[in-house]
Every structure is written in structure tokens, then in C-alpha cells.
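# Descriptive structure summary
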Amino acid sequence: MINGAHFADFAAIAKRRGGRGHPEYIEIRQENENRPTRVRIGKDYRAWVMPVRNQVDDDAWLPQAW
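The following paragraphs examine the structure supplied in this document. No experiment lies behind these values; they were computed from the predicted model shown.

In this section: the overall build of the chain. A count of helical and extended segments in the chain gives 2 helices and 3 strands. Of the regular secondary structure in the chain, the N- to C-terminal order runs α-β-β-β-α. The buried share of the chain, reckoned over its 66 residues, is 15%. Expressed as a percentage of contacts within the chain between residues at least 6 apart in sequence, the contacts between residues at least 24 apart total 26%.

Here it is as C-alpha cells:
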């Protein structure tokens, strides 16, 4: 699932790069939730959105005494 709030900055970039009411297109590709999401704006702007692990799941291996 992709949270649209994470891509608001990319939408603003696409709007600025296009100019005059014609924003550049945004292409978003996600293979799975454990891999980076690839973002492409227009022909030459590329970025990755890295996945963030849930802290509760990461701490599950810790002994309860800690």
C-alpha cells in the first residue's frame, strides 16, 4: 500500500518542472513492501523512497527482561 502523503513533495516537483499548467508525469513503481519504491518524474528525474520498518516488529526479538 502506498501512502500518498509520502509523495506530496514529488507532486510539487512535477508541478514546478512542467510549468504553465502542464506538470510532468509521475511514475511510481513498487516491487514489494521490502524494496525501495522508485519514483520517476518526466524523463530525467529519479528518486527512491526507502521502506521503513515497524519498530514494534523490530523489537519483538528482544527479551522481555530488557
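This part takes up the side chain of Thr37. When you line up the elements, Thr37 lands in strand β2 (residues 37-41). If we skip the residues at most four places from it in the chain, Thr37 touches Phe7, Ile28, Arg29, Gln30, Ala47, Trp48 and Val49.

Here we take up helix α1 (residues 8-18). Within the span of α1, buried status applies to Phe10, Ile13 and Ala14. Buried residues in α1, looked at end-on, bunch into an arc of 100°, giving them a common side. In α1, the exposed positions angled more than 90 degrees off the buried face are occupied by Asp9, Lys15 and Arg16. Along its buried surface, α1 packs onto β1 (26-29), β2 and β3 (45-49). Where α1 terminates, the next one or two residues include Gly19, which has phi positive at roughly 70°.

Thresholds, definitions, all that
- Residues numbered from 1 in each chain as written.
- Predicted model: local features only at pLDDT ≥ 70, side-chain atom pairs only at ≥ 80, totals over all residues.
- Heavy atoms only, no water.
- Helix = DSSP H or I, 4+ residues; strand = E, 2+ residues; numbered from the N terminus.
- Buried < 20%, exposed > 50% of the residue type's maximum accessible area, 1.4 Å probe, protein only.
- Contact = heavy atoms within 4.5 Å.
- Arc of directions from axis to C-beta.

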